[in-house]
Structures are given as structure tokens and as C-alpha cells.
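Results of the structural survey
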Amino acid sequence: MPRMKGADLITEHLVRNKIPYVFGICGHGNVGMLDSLYGAQDKIKLVSPRHEQVAAHMADAYFRVRHEPVATLTSCGPGSANIIMPLQVALSDSSALLAITANVPTQQFNRSPFQEINRHYQADFVNIVRPVVKRAFQPTRVEMLPLALRQATTTMLSGRPGPVNVDVPFNVFQEEGDVEVPAASPKLGMRRSGAAPDDVAAALDMALKAQRPALFVGHGVTLSEASAELTAFARKLGIPVISSPNGFGTIDMTDPLSLGFIGRNGAYPSNQAGRHADLVIAIGARFDDRSASSWLPGYSWNFPHAKLIHVDVDPDELGRNYPPDIAILADARTFLRQLLAGLESAKPREGALKQWHAEIKGWRDEWEAFTKPNFDIHASPIRPERVVADCQAVLPDDAILSCDVGVNHNWYMQFWKARRPQTMLNSWGFSGMGFGTAGALGAKLAAPDRPVVAIAGDGCFTMVPHVLCTAVEYDIPVVWVIWNNFAWASIRDIQYGMFGGRELGTAFYQGANQKPYNPDFAAWARASGVEGITVTKSQDFKGALEHAVKLNKPVLLDVHVDANVRPPATGAWQLPPTPYNEPAFGKAWVPEMAPAK
Ligand SMILES: Cc1ncc(C[n+]2csc(CCOP(=O)(O)OP(=O)(O)O)c2C)c(N)n1
Ligand SMILES: [Mg+2]
């Protein structure tokens, strides 16, 4: 067995797993690891952003684009404490990353050395990180590293992917042991589970008998790379597809069968189809409050009036919110292939869904007629619709949108038409501000030949503005579109709605006269070495974006958008005990609930 330093073993393991990047920030705790990476720069590259949060968002986004993981490296104490939020962002959205954290030397455990977290237990990072990772490991001897590393890289990609943590005391990087580099772990999608044949037959039977069927697809379909199978199945039976944001593009969203997002900020045809369906086949989607109108009957869905086939790789998601008629613990692609195989011997049902399709077309036409005129209005400040429309017009089908959080994101959820999977990144479950702004850097490293555009509110961007430095230092040509409405507008609107128009702490003002304030974002960019352009007229945005994408350099567009134009709600969202608003377009529909089924 070779004798190796712990840090070199870790490096070798990363290389063997074809992990090309470590996104990390130095600290005294991890200098041993940095020194090992120094010797392996031809095989693995360190990218060192200015905040640990950014490092973890970058790794998360990298995985979402490529479905291959990278690692982060942070030091003991505060450096690693800074990655808790982005780890939960990754965990909520089933995104894998290997978070290597450093800790104090085992020889000093419990003596309260510099940066030890030890109020209740020695070197206690594991207890901080455990709720936000799939699994945390703390090998305290070099001999413990091979097993911990192999388990960590296997766990993060198995079943439902997610972040894992390997916490390494300072001396374990430095000390030597007689150790073998573990074999490479299985890649994402190498281990897939299928549905029981009886369940496949029953599901197919229900799908063939339904009068008003709908597919509801989420990140599980994206992660299992089941786009072709989903599209084939939907087309074969003519079943419309409703999508959660992380399932966007698994069917080309310009396909007439694609209805878009559902829920308060969804598209009207989607909510209409959801609440009128008699069968919902949910695949890798979990009916969270934002895609289920907070589970209020009749706004997005009507269970148990509608039958539900729920397919997921995570047993905890099956029936979490709605008890399924058939619960199937299976990988999305495998299940869809099973359905397609079953269809080969099924009788075609020509015209069976004619009425359903006609209804859906009617809803789509109503929605178009209601929304379309606003897409053509030029104004200053700019109407939100114009920004979405020009992004759609300028960006090629394979461009990647790295979306941040806020009302700007609601516009993209409602109107963006992703043409391909893994082209729209969203912090969906945890909505961590900074994800889109920082994630763009990781996305660009994952897809260097494709345009990457971050859509970031002024609030989100100001949380991680140092991304500008990283783009320049490492020459990462991303475009940031700053959706500048001088407010934490999404929260301001909630505050307005709930508290009779009173506002505190949800907009940016300077001084006592309440003058709207923001830094000059374009100047800020230029000061960092990034091209910066201010856009205040809608007529100028398209050209500015074209220029930015062509330039192939980091560019920031500071786009002044009207905060007082709000996306029309087509479903509901409730924060008990406060009342919820009725949709601005469409209304709830609750069928006679008895007899159910
Ligand atoms: C780290 C973090 N802090 C706070 C929030 C709560 N929050 C959600 S959206 C939002 C405002 C976002 O403002 P901005 O980026 O300007 O987007 P806008 O809504 O104005 O489009 C806030 C504060 C959050 N999701 N994440
Ligand atoms: Mg804002």
C-alpha cells in the first residue's frame, strides 16, 4: 500500500472521480490541502471567489448544468460556516457537491483552539452542517479517508442527489498513512430503479382511460435526463405537460403540449389544466406550496377528485402532500421507458382527448390575449415583460439562464420558454439570494461555449457583488442582467398586500427624504474591470444584451425595471393565518367532491 499524505489522497480521489475544479477559499485550516492542489494544477483547478457562499453556489450551478459534481474547499470555523445557506439551497433542489471543510488539529480537540466550534462537542462542524447535507463525514485519521471519500462521492450522486460534507482536521491533511486511493464512484444515473411491472400496467391503464390527463414534471425528470422519453410519451398520448421551474425544458416549452409553470405565479393554462384534470401523473415533482397554490383545493390541483400517479426516487416525497392512487418508487427515465414499452402493445386512442385539447387551446388563447399586449409596450422604467421577451429573442436555445430570487424570477417562471433541459437554473426550494448571481460563474465553467446570463434583482446582486472580481480574475465571461427596481420588491409587494400599503425595510432609500437609492451598478462593474452598461429605456435593452453576449467578456447590464408592474397571479399562495388573494386572472374551480373517484 502506498504511503501518502492525507491531502494528496484527497486530491488523487478528486482526480480519479474526474472532478476538474475545486471552488474554495483559503484559511489556516486548509493550507495543507491547497499545497497538495498546487502540485496537481495540470489535473484539477482551484478557483477562489471572494466569499464561500459564492464557491458553493458555483459548485451547485456547475452540477445542475453538467450533472457532474465539483468540490468546494473552505477553512475551519467562519469560512465553513459561510456555506450553510448555499448547502441548503443545493439540498432543497437535489444538487450534488462535495464540500470539503477543514477543522482544527485532532491533537487540539476540546482545548478551544483558534476557530474551534466546541460548546457541546469537539470540532463540532458536523453538527452544524448535518441538517443541510445528505451526509457528513469527519475522518480523524488518514486511514479513515479512503472509506469516507468513497462513501461521500457515492452518496452525493445516488438516488436523489445532494451535497455531502467531508470535514478534515488540519493534521489529517498533513499526516501520512498507508492508504489506497479508492476506486471511482458511480456517476449520476448509473444506478437506476424501475417500477414494479404491475404498477406500470396499472399506470398505463389509467393513462389510457383518462379523459383529462396531465403530466406534472419536476427536477427528477431533469436529473434522470429523461427529456426524450418524456417528450415521446407526452406526444404519443397527447398528454399536456405542466412543469416546476427545475423541470423547465425537459419538454421544449414551445411545444403545444407544454403548459409551463403552475401555482400562484404559474401560467393560466397550466393552473386550468391542473385543476380540471381527472388524472395527474407527477414525475420527480413534489407539489411544494408554490407549485400547488399552498394546497388550497381548486386553485392548482383537485385531489382526491383527480387520480394521482406519483413517481419519485425519494420515498419521502411520495404522498408527502397528496396521497397517491399509485405511488411508484422509481427513476423517472426508467419509468418512462417502461411506459413507452408498454404502449407498444396498447391500442391507439385516436381523438380520445379532442375535447381536452380544445379546452386547453381555449385557455391558452385567453391567456395570450390577456398577456400579449403588455409584451409590446415600450416604457421607461422598463416594463418587465419586455426584458423577458428580449432575452427570449436574443439568447440561443442552448443559453443558460442563472436565475436569482425575487419578483424578477416570478416573471421568468411565468413566461420563460426553455427549449432544452438544464438551461434554466433556479433556487427553487430554499430561494437563497445570491444563487443566480454567483451560480452563473459555475454554470459558465460547466459550459464554456454557451452564453450564460444571470438574471439578478438589485437586492440579490448586492448580496454577492464581489462576483465581479472573480469573473475578472478567472476570465469567466458571464452576463449579469441586474433587474433594478430599487427595492426588495417581491417582499415589498407582500408587505403592501398584507398590511394595507405600509412599508418598512423593503426598499432602498437615501436619507430622510426617501429618495430611491442604489449604487451605480455599471460604474461598480467598470471599477472592477467588468464592462458596465446602464439601460433605462426598453428600446435599448435588446441591443445591449446582444452586445453583451457577443463580447464574450464579463458584462453587467443595469436595467431599470418598473417595480409597479406585477406579474398576474393565476393561482394562490397562502401564509396562514393571513388571508390569500384570489387570482388576478382565472379563478379556482372546485368540483363536487363526493363521491370521490
Ligand atoms: C439570503 C436571503 N435573504 C432574504 C431572503 C428573502 N427575500 C426573498 S426575495 C427578497 C428580495 C429580492 O430583492 P431583489 O433581488 O431586488 O429582487 P426583486 O424582488 O426586487 O425582483 C428577499 C429579501 C432570501 N430569499 N434569501
Ligand atoms: Mg429589486
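The present account deals with the structure reproduced in this document.

Quick notes on the rules
Residues numbered from 1 in each chain as written. Chains lettered and ligands numbered in written order. Predicted model: local features only at pLDDT ≥ 70, side-chain atom pairs only at ≥ 80, totals over all residues. Heavy atoms only, no water. Pairing = 2+ DSSP bridges. Helix = DSSP H or I, 4+ residues; strand = E, 2+ residues; numbered from the N terminus. Axes fitted to C-alpha atoms, helices over the stretch in contact; angles between N-to-C directions. Contact = heavy atoms within 4.5 Å. Patch = residues over 30% accessible without salt bridge, like charges linked within 9 Å, V, L, I, M, F, W, Y side chains within 5 Å. Areas by Shrake-Rupley, 256 points an atom, 1.4 Å probe, with all protein chains shown as cover. Salt bridge = Lys/Arg side-chain N within 4 Å of Asp/Glu carboxyl O. Parallel < 35°, antiparallel > 145°, perpendicular 65-115°, else oblique. Left-handed = near helix turned anticlockwise from the far one by under 90°. Nonpolar A, V, L, I, M, F, W, Y, C, P; charged D, E, K, R; others polar. Buried < 20%, exposed > 50% of the residue type's maximum accessible area, 1.4 Å probe, protein only.

Now for the sheet that holds strand β6 (residues 135-137). Across the sheet, six strands lie side by side as β3-β2-β4-β5-β7-β6; this open sheet has parallel pairing. Two strands bound the open sheet, and with one partner strand each, they are β3 (45-47) and β6. Averaged over all adjacent pairs, the angle separating strand axes in this sheet is 25°, with direction ignored. Bridge analysis of strand β5 (residues 98-103) against strand β7 (residues 164-169) gives six bridges, and the strand direction is parallel. Bridging across to β7, alanine 102 finds its partner in valine 168. Taken strand by strand, helix α1 (residues 6-16) contacts β2 (21-24), β4 (71-74), β5 and β7, and its axis lies near 175° from that of β5. Together, β2, β3 and β4 form the strand contacts of helix α2 (residues 31-38), whose direction differs from that of β4 by roughly 135°.

Here we take up a nonpolar patch on the surface. The grouping of Met498, Phe499 and Leu575 at the surface amounts to a nonpolar patch, some 250 Å² of accessible area in total. Along the chain, methionine 498 falls in helix α20 (residues 489-498).

Another point: the packing of helix α15 (residues 384-394) against helix α22 (residues 538-551). In contact at an axis separation of 10 Å, α15 and α22 are set at 30° when each is read in the N-to-C sense. Relative to α22, the element α15 lies roughly parallel. As α15 runs across α22, the sense of the crossing is right-handed. Taken together, the residues of α22 that come into contact with α15 (itself represented by Arg386, Val387, Asp390, Cys391, Ala393 and Val394) are Ser538, Phe541, Lys542, Leu545 and Glu546. By residue class, the composition of the contact of α15 with α22 is six nonpolar, one polar and four charged.

Omega for the bond connecting phenylalanine 303 with proline 304 falls within 30 degrees of zero, at 5°, which places this linkage in the cis form. One can find proline 304 in the loop between β12 (279-283) and β13 (307-312). With a phi close to 40°, alanine 123 is a non-glycine residue in the positive phi region. Locating alanine 123 in the fold gives a position in the loop between β5 and α6 (125-129). Judged by its relative accessible area of 1%, alanine 123 falls in the buried class.

Right, let's talk about the packing of α15 against helix α16 (residues 407-415) for a bit. In contact at an axis separation of 10 Å, α15 and α16 are set at 55° when each is read in the N-to-C sense. Classified by the interaxial angle, the pair formed by α15 and α16 is oblique. The handedness of the crossing between α15 and α16 is right-handed. In this structure, α15 uses Pro384, Glu385, Val387, Val388, Cys391 and Gln392 to contact α16, whose residues at the interface are Trp411, Tyr412 and Phe415. Taken together, the residues that form the contact of α15 with α16 break down as seven nonpolar, one polar and one charged.

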